[in-house]
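Spelled out, the chains give:
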Amino acid sequence: MTLSVLFVDDSENVLSGIRRMMHPMNNEWKLLYANGRNEAINILNSNHVDVIISDIRMPGVDGTQLLQEVKEKFPRIIRITLSGYASDELALKNSKIVHQSLLKPTSPRILRTTIERTIRLKETLNNDELQKVVNGLDTLPSLPEIYIKLENEINSPNTSIDKIGNIIVNDPIITAKILQLTNSAFFGLPHNITNIKQALSFLGIKTVKTIVLTIKLFKAFEEKNNNSQIFKEVWEHSNKVALLSRKIALLKSFSNEDIEDSYLSGLLHDIGKLILLNNYSIDEINLHFSKTSHANIGAYLLGVWGLPDSIVEAVAFHHNYIFMEPEFFTPAKIIFIANKISYSNHINLENLDQTNINEAITEFDKEDGENLYES
């Protein structure tokens with residue numbers, strides 16, 4: 001079936017510009033255009049639409065309200081914002097309304113790549129094989145209680161760093177791990193972080209919350225499994241990839257938000273291994289599952305939990321060499337490279353710079369035949 005994309009804006013001039021920009025895609029996609037919410041809903045009611053791309057600031061029903069309506073009435077449609085206002089883009093980046101956010105002006109190539117990448121992610125997480133694997137698992141974990149408490153406190157109108165910190169310090173294991181990570185040499189701080197409040201100020205609430213989630217998951221799975229050495233190895237590898245990802249994102253001059261997402265994606269990229277290890281032996285995993293199974297399962301779980309799409313995407317694709325154009329770096333691409341670098345014997349991790357990032361991209365141009373626990 002031909003891909004159908006609906007563009008929504010309140011300006012006919014903008015829509016005309018989008019028509020011209022997207023003209024080369026007319027032979028590949030069905031392109032639809034709507035001036036405002038009412039036209040958009042009429043088109044959605046009478047056409048099959050795969051992707052909707054809407055401006056945010058529109059009179060009457062704005063783009064946020066429209067995409068919320070689309071989410072409720074047409075939940076299978078991929079929702080992307082295209083805005084000329086950076087503050088709007090940042091406000092919606094992590095919301096559960098949109099799948100992707102783009103800033104105006106953008107190039108046809110970036111727009112096309114974003115659409116294709118988002119569709120591929122959706123297909124990856126909804127394919128029949130993955131559903132069978134997930135349905136066959138004995139256990140699929142729920143969000144840890146402390147994470148839910150943090151989420152509720154963060155969303156409280158009277159929240160504060162002190163209140164958030166008080167939830168964390170009640171768990172001494174998590175407190176110690178967060179301080180250990182924060183004081184890692186990779187962060188290069190001039191002085192040690194000695195308490196959770198300082199860690200929250202330095203790392204940010206979102207990062208600390210996701211570190212809490214990661215630590216609790218590793219701890220819960222380790223307690224249920226006799227072979228704790230495997231979980232230790234997966235944890236150490238995940239932490240290494242997270243730190244490498246952060247360093248690459250910094251070298252690539254990513255925004256603070258994308259640097260954060262790159263680090264968090266690195267921490268969570270092998271979470272699917274924990275799920276498989278909790279249900280199967282290593283021999284069974286390497287015999288019955290492909291190398292990408294743990295990536296898809298981990299991404300599926302994070303998607304169910306409502307983590308940002310940029311993180312879910314990076315976890316899903318950390319073994320797939322996709323969209324690797326030099327000018328189109330994403331957290332997903334960074335996790336792929338960092339994961340490969342972590343196993344390299346001839347790339348200096350401590351002195352990682354732009355030159356050996358490019359060397360890494362060249363070196364890892366083709367996938368190799370590692371099994372689950374070598375990758």
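Cut-offs used in this document
Residue positions are given per chain, counting from 1 as you read along its sequence in written order. Totals for whole chains, interfaces and linings use all residues, but because this is a predicted model, local features are given only for residues with pLDDT of at least 70 and pairs of side-chain atoms are given and counted only at 80 or more. Hydrogens are left out, water is left out, and the side-chain values use all remaining heavy atoms of the structure. Among the buried residues, those of types Ala, Val, Leu, Ile, Met, Phe, Trp, Tyr and Cys that are joined through side-chain atoms within 4.5 Å form a nonpolar core. The buried label applies to any residue whose accessible area, calculated with a 1.4 Å probe on protein chains only, is under 20% of its type's maximum; exposed applies above 50%, and partly exposed to all values in between. Counting from the N terminus, the helices are DSSP H or I runs at least four residues long and the strands are E runs at least two residues long. In what follows, residue pairs with any heavy atoms lying within 4.5 Å of each other are defined as contacts. A pair of Phe, Tyr and Trp rings is counted when the ring centres sit within 6.5 Å of each other, with Trp represented by its six-membered ring. The angle between the planes then sorts it: under 30 degrees is stacked, over 60 is edge-to-face, the rest tilted. Confidence of the prediction at every residue is given by pLDDT, a number between 0 and 100. Note on definitions: angles span 0 to 180 degrees between N-to-C directions of axes, and those axes are lines fitted to C-alpha atoms, for helices only across the stretch in contact. Roughly parallel means an angle under 35 degrees; roughly antiparallel means over 145; roughly perpendicular covers 65 to 115; every other angle is labelled oblique. Lys, Arg, Asp and Glu make up the charged group, whereas Ala, Val, Leu, Ile, Met, Phe, Trp, Tyr, Cys and Pro make up the nonpolar group; the residues left over, Gly among them, are polar. Here, a strand pair is defined by DSSP locating no fewer than two bridges between the strands. Note on convention: the crossing is left-handed when the near helix lies turned anticlockwise from the far helix by less than a right angle, right-handed when the turn is clockwise. Crossover handedness is defined here as right-handed if the route from the first strand over the helix to the second strand goes clockwise, with the strands pointing away from the viewer.

(A) A look at the nonpolar core. In terms of nonpolar packing, the biggest core is built from 54 residues, with Ile 168, Ile 178, Ile 211, Val 212, Tyr 263, Leu 302 and Leu 307 touching the most fellow members. A total of 8 residues in this core trace back to one element, the largest contributor, which is helix 11 (residues 205-224). Apart from the residues lying within four places of it in its own chain, the contact partners of Ile 178 are Ile 168, Ile 196, Ala 199, Val 208, Ile 211, Val 212 and Ile 215. Ranked by size, the runner-up nonpolar core spans 20 residues in total, among them Val 5, Trp 29, Val 51 and Ile 115.

(B) Focus on the packing of aromatic side chains. In the structure shown here, the tally under the stated rule is 2 aromatic pairs. With a centroid separation of 5.6 Å and 15 degrees between ring planes, the pair formed by Phe 7 and Tyr 33 is classed as stacked. In this pair, Phe 7 sits in strand 1 (residues 3-9) while Tyr 33 sits in strand 2 (residues 29-35), placing the two residues 26 residues apart along the sequence. In this pair, the class of Phe 7 matches that of Tyr 33, namely buried. Both rings, one in Phe 218 and one in Trp 235, keep their centres 5.3 Å apart while their planes meet at 75 degrees; by these two values the pair is edge-to-face. Of this pair, Phe 218 sits in helix 11 while Trp 235 sits in helix 12 (residues 228-251), and the two are 17 residues apart along the sequence. The pair Phe 218 / Trp 235 is uniform in exposure class, with both members buried.

(C) Here's a closer look at the confidence of the model for the protein chain. In this model, the protein chain carries an average pLDDT of 78, and 80% of its residues clear a pLDDT of 70 or more. In this model, residues 366-375 is a region of pLDDT below 50 whose contacts with residues beyond four sequence positions or in other chains number 29 contacts.

(D) Main features of the packing of helix 11 against helix 13 (residues 256-268). For the pair helix 11 and helix 13, interaxial distance at closest approach is 10 Å and the crossing angle is 5 degrees. With respect to each other, helix 11 and helix 13 are oriented roughly parallel. Taken together, the residues of helix 13 that come into contact with helix 11 (itself represented by Lys 206, Thr 207, Thr 210, Ile 211 and Thr 214) are Glu 257, Glu 260, Asp 261, Tyr 263, Leu 264, Leu 267 and Leu 268. Its residues placed into classes, the contact of helix 11 with helix 13 shows 5 nonpolar, 3 polar and 4 charged.

(E) The arrangement of the sheet that holds strand 3 (residues 51-54) in detail. Read from one edge of the open sheet, 5 strands run 2-1-3-4-5, paired in parallel fashion. In this open sheet, the two edge strands, each paired with only one partner strand, are strand 2 and strand 5 (100-103). When the angles between neighbouring strand axes are averaged without regard to direction, this sheet yields 20 degrees. As defined by bridge partners, strand 4 (residues 78-83) adjoins strand 5 across 4 bridges and the pair is classed as parallel. Bridge assignment links Ser 83 to a residue of strand 5, and that residue is Leu 103. Docked against the sheet, helix 2 (residues 37-46) engages strand 1, strand 2 and strand 3, running at close to 145 degrees with respect to strand 2.

(F) Region of the structure containing the packing of helix 12 against helix 18 (residues 331-341). Viewed as axis vectors pointing N to C, helix 12 and helix 18 meet at an angle of 125 degrees, and their least axial separation amounts to 8 Å. Looking at the two axes, helix 12 sits oblique to helix 18. Considering how the two elements wind past one another, helix 12 and helix 18 form a crossing that is right-handed. Contacts between helix 12 and helix 18 involve His 237, Val 241, Leu 244, Ser 245, Ile 248 and Ala 249 on the former and, on the latter, Ile 334, Ile 335, Ile 337, Ala 338, Asn 339 and Ile 341. Looking at side-chain class alone, the contact of helix 12 with helix 18 contains 9 nonpolar, 3 polar and no charged residues.

(G) Layout of the pairing of strand 2. Most of strand 2 is tucked away: 5 of the 7 residues are buried. With 7 bridges connecting them, strand 1 and strand 2 associate as parallel partners. Of the residues in strand 2, the one forming a bridge with Ser 4 is Lys 30. Regarding the hand of the β-α-β motif, the stretch spanning strand 1, helix 1 (residues 12-22) and strand 2 is right-handed.

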